[in-house]
Amino acid sequence: VYMSGGLLTHSTITGNSFFTNRSGMGIYATGAGALITHCVITDNVSSNDIGNNNRGGGVYTYGGIGSAFEVIFSNCRIANNHTWNGSGAGLFIWGGRVLIEDCLIERNSSLNSADSSGGFTATACPDLICRNTIIQCNTNNGTWAGGAEIRSGHLFEHCIIRSNRAFHAGGLFN
């Protein structure tokens, strides 16, 4: 699903894959004003044999410009997504303001990667708020962060981060 703003609600995005240097196999959201609510994003695969450019097996967001949140995830389940030679298997956020609320991010895996994060990765975000969200049972057999790797401003509020695995920082790496 490609989004440049808009609403995606009560949907299941599952079983999508591409095997040559691609990101966001389930959802690719760019620009401002994307609202993703009550969705299940599962069993999507981003793979590449030659580099670490695969990001977001489940979801990839590329930030827009504006003062409000560009992307909002509410009441979503992001599970069983995978990257091969990539990062942010469940969710990869590149820039913009993002709100993740009342979500479940679980059982995502980043395989064969020196890069980051099984659950989700956030880079260059001026504002990332993660609230009332469970991040669990995600794995990275590469280097950093099983649960989440955050390289930007962030607030985690009333979240549960448990049972994630990686060589460094199983739960959260900042």
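Just so we're clear, the structure is a prediction, and the values are computed from it rather than from any experiment.

Chemist: Please clarify how the pattern of salt bridges should be interpreted in this entry.
Modeler: Two side chains with opposite charge may pair up if their charged atoms get near one another. Going through the model one piece at a time under the given rule, you end up with five salt bridges. Two residues, E106 and R77, come together in a salt bridge whose shortest N-O distance is 3.3 Å. In this pair, E106 is assigned in strand β15 (residues 104-106) and R77 in strand β10 (residues 77-79), connecting sequence segments 29 residues apart. A residue is classified by how much of its surface remains accessible, and E106, at 7% relative accessible area, is buried.

Chemist: Just checking my understanding: could you explain the side chain of S109 for this structure?
Modeler: With respect to the helices, strands and loops of the structure, S109 is situated in strand β16 (residues 109-111). S109 gets classed as buried once you look at its relative accessible area, which sits at 8%. For S109, the side chain forms a polar contact with the side chain of H82, separated by 2.4 Å. The residues contacting S109, other than those within four sequence positions of it, are N81, H82, T83, A89, G118 and T139.

About the cut-offs
Residues numbered from 1 in each chain as written. Predicted model: local features only at pLDDT ≥ 70, side-chain atom pairs only at ≥ 80, totals over all residues. Heavy atoms only, no water. Salt bridge = Lys/Arg side-chain N within 4 Å of Asp/Glu carboxyl O. Helix = DSSP H or I, 4+ residues; strand = E, 2+ residues; numbered from the N terminus. Buried < 20%, exposed > 50% of the residue type's maximum accessible area, 1.4 Å probe, protein only. Polar contact = N/O pair within 3.5 Å; in protein donor to acceptor, adjacent residues only side chain to side chain. Contact = heavy atoms within 4.5 Å.

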